[in-house]
Amino acid sequence: MLDAALYGDESPALVLTYAWDRLLIDPVPGPRGPAGFKGLRPITRSVQAVPADAAAIAPAGSTLPRLAAELPQPLALIDPHHGAEGITRQLEELVQHLAPESIDLLDVGGDILAKGDEPTLRSPLADALTLAACCQLNAPVRLLVAGPGLDGEVPAEDLRDRLGASVLTLTAEHVQPVNSVLEWHPSEATAMLAATARGIRGLCEVRDAGLPVPLTSEGPTVHEADLDDALERNELARALLSTETLDEAEQYSREICGYSEIDYERNKASWLASQAEQELDPEATLRRLDQFEAEARSRGVSHTTFRRITEALGLSGKQREDLRALLINCRPEQYAAPLWRIPSEVE
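Residues numbered from 1 in each chain as written. Predicted model: local features only at pLDDT ≥ 70, side-chain atom pairs only at ≥ 80, totals over all residues. Heavy atoms only, no water.

**Topic: the sheet that holds strand β15 (residues 339–341)**
- Strand order in the open sheet formed by 5 strands is β11-β10-β13-β15-β14, and the pairing between neighbours is mixed. The two strands at the open ends of the sheet, each matched to only one other strand, are β11 (211–215) and β14 (335–336).
- The pairing of strand β10 (residues 202–206) with β11 spans 5 bridges and is classified as antiparallel. Counted as the bridge partner of L203 is P214 from β11. (Pairing = 2+ DSSP bridges. Helix = DSSP H or I, 4+ residues; strand = E, 2+ residues; numbered from the N terminus.)

Shown next as structure tokens:
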């Protein structure tokens, strides 16, 4: 979406990305490396492309092959298992191999600009690893933040003095090429970015914890930020500069931030494995939805995500798409694509 908006459609960028779909899609905690897939294709010695016919090796799961089938941009896999030094090596090989005209580091939400001690910070590790790697690359990298605050981690008002000039405000026209992807992809931050670009405003509740995220006119903006300032501010990223393993990076996260998000995933995966899967009974599901919506409405919530509903109703990630289809079929007037609208009491 951003690549097409900034650079046009003629020469799509290579998108280097993590295979880290969280437990809603991937029941195995942590990110997947190349060993977690079959059908990857080498680009360089350390970088593998993810084609449409690739697949995560069970029991793991990944959205990347389906994304590769639906997007014009080719996808390649960030492998964090060799720490920031390994990601830097991947970037260096790609720069030598491709000689790109530009390199953008994109973060949706802006938690890459965090210090590390923010009480609302939930998932700093992937951003800190990427920031540490990009700052060691012998090539210019532009840091972009789309949708300040939309990841539900660092509020937009706390980011204002860390952001540079706005380079773009996304519109419904910019979102149009990815409409089909947004129909199934579980990313909440991207869903809210697209929703605000379409003009949706209100308060959106996300994640299993029910974090409230304001949907405002700042939502569809894309800002440039200073890469060196971000590294200077981000204590975790600085600590990760010389890391050679993901385990080492995790330990720094525990020491600096007080936790590892992969530990959280491990604990949650263990808990989920002990839970009996509920049947998706339409009538019972809609009754539970009514209760959830009433409680959300009392908190001032106007919208939510299908991930949030799935977890709030005690359903598994495997049932998310069936739940989504049920709700849209039964109550189409509440589908504010790609979000779910909480009706007011007077409706």
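**Thoughts on unusual backbone geometry**
- Cis geometry marks the peptide bond from A58 to P59; its omega dihedral reads 10°.
- Locating P59 in the fold gives a position in the loop between β5 (55–56) and α3 (64–70).
- The residue after A337, namely P338, is reached through a cis peptide bond having omega 0°.
- Note on placement: P338 falls in the loop between β14 and β15.
- The phi angle at A99 is positive, at roughly 45°, despite the residue not being glycine.
- Inspection of the secondary structure assignment puts A99 in the loop between α4 (83–98) and β7 (104–108).

**What to know about the packing of aromatic side chains**
- Scanning all chains against the criterion turns up 3 aromatic pairs.
- Seen from their ring centres, Y18 and W20 are 6.2 Å apart, and the 70° between their planes marks the pair as edge-to-face.
- In this structure an aromatic cluster arises from ring pairing among F306, Y335 and W340.
- The cationic tip of R22 hangs over the ring face of W20; the distance from NZ or CZ to the ring centre is 4.4 Å. (Phe/Tyr/Trp six-rings, centres within 6.5 Å; stacked < 30°, edge-to-face > 60°. Lys NZ or Arg CZ within 6 Å of the ring centre and 35° of its normal.)

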